[in-house]
Amino acid sequence: EIDASHYPCFHQCEGVRLFDRSEMTQEEVMEDLKRTLEGLAAHLFNLKTGEDTMRWLDEYFPFTDPSVELEIFYNDDWMEVLGCGVIHH
């Protein structure tokens, strides 16, 4: 059945932002990533950013550390919309 959380199509977008390790900590990079993606999700789903509409969950992805997933509150339930993390060189 096709509904808001089950659609027979997968979309993927990759993005990379480079940071100088001497200017930002890993924690600062992760916070910047989260705020950027919260803004994107808010725009795409017409939401306001905040704890009642979005939440981050720790996750494992093999090429990033730390790794997290973003869920939004949609149709009275939490729905995963993206995964992301910090790539190390």
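Above this text sits the structure in question.
What counts as what
- Residues numbered from 1 in each chain as written.
- Predicted model: local features only at pLDDT ≥ 70, side-chain atom pairs only at ≥ 80, totals over all residues.
- Heavy atoms only, no water.
- Phe/Tyr/Trp six-rings, centres within 6.5 Å; stacked < 30°, edge-to-face > 60°.
- Buried < 20%, exposed > 50% of the residue type's maximum accessible area, 1.4 Å probe, protein only.
- Disulfide = S-S within 2.5 Å.
- Salt bridge = Lys/Arg side-chain N within 4 Å of Asp/Glu carboxyl O.
- Helix = DSSP H or I, 4+ residues; strand = E, 2+ residues; numbered from the N terminus.
- Pairing = 2+ DSSP bridges.
- Axes fitted to C-alpha atoms, helices over the stretch in contact; angles between N-to-C directions.

Regarding the packing of aromatic side chains
- Taken as a whole and assessed by the stated rule, the structure comprises one aromatic pair.
- Seen from their ring centres, phenylalanine 73 and tryptophan 78 are 5.1 Å apart, and the 65° between their planes marks the pair as edge-to-face.
- Exposure remark for tryptophan 78: the relative accessible area of 25% places this residue in the partly exposed category.

Side note on the state of the cysteines
- With the rule as written, the count across this model stands at zero disulfides.
- Between cysteine 13, a cysteine without a disulfide, and cysteine 84, which holds the nearest cysteine sulfur, the sulfur-to-sulfur distance is 12 Å.
- Taking the relative accessible area as the measure of exposure, cysteine 84 reaches 10% and is therefore buried.

Considering the pattern of salt bridges
- In this structure the tally under the stated criterion is four salt bridges.
- A salt bridge links arginine 35 to glutamate 38, with the nearest nitrogen and oxygen atoms 2.9 Å apart. Note that arginine 35 and glutamate 38 are positioned in helix H1 (residues 26–45) at a spacing of three residues, about one turn of the helix.
- Each of Glu31, Arg35 and Glu38 takes part in one network of salt bridges that share partners.

Re the sheet that holds strand S2 (residues 64–74)
- The strand order S1-S2-S3 describes an open sheet built from three strands, whose pairing is antiparallel. A single partner strand is all that each edge strand has here, and the edge strands are strand S1 (54–61) and strand S3 (77–85). Each strand of the sheet is rotated relative to its neighbour by a mean of 30°, with strand direction disregarded.
- Note that S2 and S3 share eight bridges and pair antiparallel. Note that in S3 the partner of phenylalanine 73 across the bridge is tryptophan 78.

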